[in-house]
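Notes for the structure review
The primary structure of each chain is shown beneath.
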Amino acid sequence: MSVIVQCISSILIATTVSMKVNWRMGLVAWAVKPCHFIGGMVQAKSAKGFSSDSAVAHSELVSLASESTMNIKTVAAFCYETQILEKAKLYLTRPLRKGRAESIKYGIIQGISLCVWNVAHAVALWYTTVLVDKNQASFEDGIRSYQIFSLTVPSITELWTLIPTVLSAIGILKPVFQSLDRCTEIVPDMPDNASTESIKGEIEFQNVQFRYPSRPEVLVLNNFSLQIEAGVKMAIVGPSGAGKSSILALLLRFYDVNEGKVLIDSKDIRDYNLRKLRAQIGLVQQEPLLFSCSIRNNIRYGSEKASESEIIEVSREANIHEFISNLPNGYDTVLGEKGSQLSGGQKQRIAIARALLKRPAIMLLDEATSALDTESERAVVNALESMKLNNYGGTKMTQITVAHRLSTVINSDTIVVMDKGKLVEKGSHSTLMAELDSVYSRLVRLQSVE
C-alpha cells in the first residue's frame, strides 16, 4: 500500500508541476495518461487470468505430490513409484497445452498494451513540436514539461506490477470473507447464562431422527429413543454404520437433530450454553490427539487451572503415573508431533487422564481400545475400571462407551445394541447372552468372547 501511495503521489505531483511549466502540455499529459492506465489494466488483467488458470491446472499435480509424499511408506511398500510418476506426467499434459495457448494470447495482449503505451508517447512528443512551431511554448519549457511527464511513467509501470498483486489478494480474501459471513447454526455462547449450570448426567433421546449435513440422503438415526440414568456405565455396541458414534456427536452437539429431542437432566440440549455444557463432558476418542508439548501440558489441556497434585491424581486414576515417573524428564517429557514418542496404549491413557481432569459429569469413550494390542487394551480397560467415577459435586459420573471389542464392555451396567440407526436390544451382558438368537450374542460368538 505504501508503494501504491508513493506512485499515485508521484503522478499527481509530476502532473501539477508539468501544468505549471506549461499548462497546455499538462493537459496533454492528462489526455494521454488514460492510454497508459488502459494498457496497464489490460496487461494486469491478462496476467492475473494467466496466473490463476495455471494454478488451477496444476492443482491435481500438487494434490498427487502431497498425497504421495505423506504416504511414502505405502507407495514404496507397493512399488508404486513408477505409476505415480506416470500419473504426474499425465497431469502435466493438460497444463502444457493450456499454457501454450495462454502464452500466445498473453503475448498478443502484451503487444497491444505496449502499442498503446508508445502511441501515448508519440502524441505527447508530436504536440510538443506543434507548440514550439506556434510559439506557444519555448523549446526549453516544452522539453521540461515533457520530461516531467515522462517521470510519471515508472510510477505507472510500478502500479501495473502491483495491480495483479492487489487483485490476487482480493481473490484470496473472497472465500475468507464468505466463511466469516456464513451464519453459524450452532452458536457456542448462546444462550448466555451468567452462572455455570451443573448437570447430573441424566440423558434421554426422544424419537430422534438424524442425517449428516454432508449426506442428507442417508438416515443415520431412525426414530431413536433411549434413556440413560445418571451415574450408570452404559455401552453402545453394534455393527459399523449403526449410528453409535453419532450419538456421542449429538451429545457434544457437534450437530443438531433433524427431528426429536436430546435431553440432559430433562432439559433440551439446545437450551444449554454450549461451552459450559462441553466443559462438563469428557471425551476419549479412538485416535487420541496429543500436542507437541510436555505430558503435563497435554494433561492440563483438560483444565488450565489444574494444580500439580490434581494432574498426578488423574494420572494415577488413568494408570499412567508410574510410566511417566520412570521417564528421564517425568511430566516435562516432550511428546513430539501427535505424541509420536509414546505407544498407542500410553497415548490413550494420557487422553483418559486429560478427560478425567475436567471431572466431567458425563464421560464419552469412542472406540477407546479398538486400535490397541492386547496388553495395551488390558491397561486401558484397567484404567477405565479403576478410575474414580465422581465429579466435584460428589455425583457419580455417567459413562457411555462405544465399542466394537465386546470384551471391554462386559462389566457395563447396561449394554445397548444398535442396528441401522435403531435400538434393537438392551440389557446387561448376562441378560443378552441368555437369548441365543439375539444380535448381541451373535456378535459375542463371532468375537469368541466367553
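Within each chain, residue numbers correspond to sequence positions counted from 1 in written order. In keeping with the model being predicted, local features are shown solely for residues with a pLDDT of at least 70 and side-chain atom pairs are shown and tallied solely at 80 or more, while totals for entire chains, interfaces and linings include all residues. Remark: hydrogens and water are excluded; side-chain values derive from all non-hydrogen atoms of the structure.

The condition that has to hold: UniProt positions are given in the numbering used here, feature names are shortened, and annotations may be inferred rather than shown by experiment.
Per an unreviewed UniProt entry, the protein chain is named ABC transporter B family member 14-like, and its organism is Nicotiana tabacum. For the record of the protein chain, the UniProt heading Sequence similarities (unreviewed entry) holds the text "Belongs to the ABC transporter superfamily. ABCB family. Multidrug resistance exporter (TC 3.A.1.201) subfamily." The Subcellular location (unreviewed entry) field of the UniProt record for the protein chain holds the comment "Cell membrane".

Topic: the nonpolar core
One broad trend across soluble globular proteins is that nonpolar side chains are buried collectively. We apply this condition: Think of a nonpolar core as a cluster: buried Ala, Val, Leu, Ile, Met, Phe, Trp, Tyr and Cys residues, connected wherever their side-chain atoms sit within 4.5 Å. Each residue gets one of three labels from its accessible area relative to the maximum for its type: buried under 20%, exposed over 50%, partly exposed in between, using a 1.4 Å probe on protein chains only. By definition, any uninterrupted DSSP run of H or I lasting at least four residues is a helix, any uninterrupted run of E lasting at least two residues is a strand, and each is numbered from the N terminus.
By size, the foremost hydrophobic cluster in this structure holds 34 residues, and its most contacted members are Phe205, Val208 and Leu221. Of all the elements in the fold, those that place two or more residues in this core are strand 1 (203-210), strand 2 (221-228), strand 3 (233-237), helix 8 (244-251), strand 4 (259-264), strand 7 (362-366), strand 8 (398-402) and strand 9 (414-419). Counting 25 residues, the second-largest nonpolar core is a separate cluster that includes Leu335, Ile350, Leu356 and Leu365.

With respect to the pattern of salt bridges
Our working definition: By convention in these notes, a salt bridge is any Lys or Arg side-chain nitrogen within 4 Å of a carboxyl oxygen on Asp or Glu.
Summed over all chains, the structure comprises 7 salt bridges. Residues Glu313 and Arg359 are paired through a salt bridge, measuring 3.3 Å at the closest nitrogen-oxygen approach. Placement of the pair is Glu313 in helix 11 (residues 308-317) and Arg359 in the loop between helix 13 (344-356) and strand 7, with a sequence separation of 46 residues. Of the charged contacts in the structure, one is a salt bridge between Glu317 and Arg359, with a shortest N-O distance of 2.9 Å. Linking Glu317 in helix 11 with Arg359 in the loop between helix 13 and strand 7, this pair joins segments that are 42 residues apart in sequence. There is no split in this pair, since Glu317 and Arg359 are both buried.

Considering unusual backbone geometry
For Asn223, which is not a glycine, the phi torsion comes out positive at approximately 50 degrees. Judged by its relative accessible area of 46%, Asn223 is partly exposed. If you check the backbone angles, Asp265 has positive phi at about 55 degrees while not being a glycine. With respect to the secondary-structure elements, Asp265 resides in the loop between strand 4 and strand 5 (267-268).

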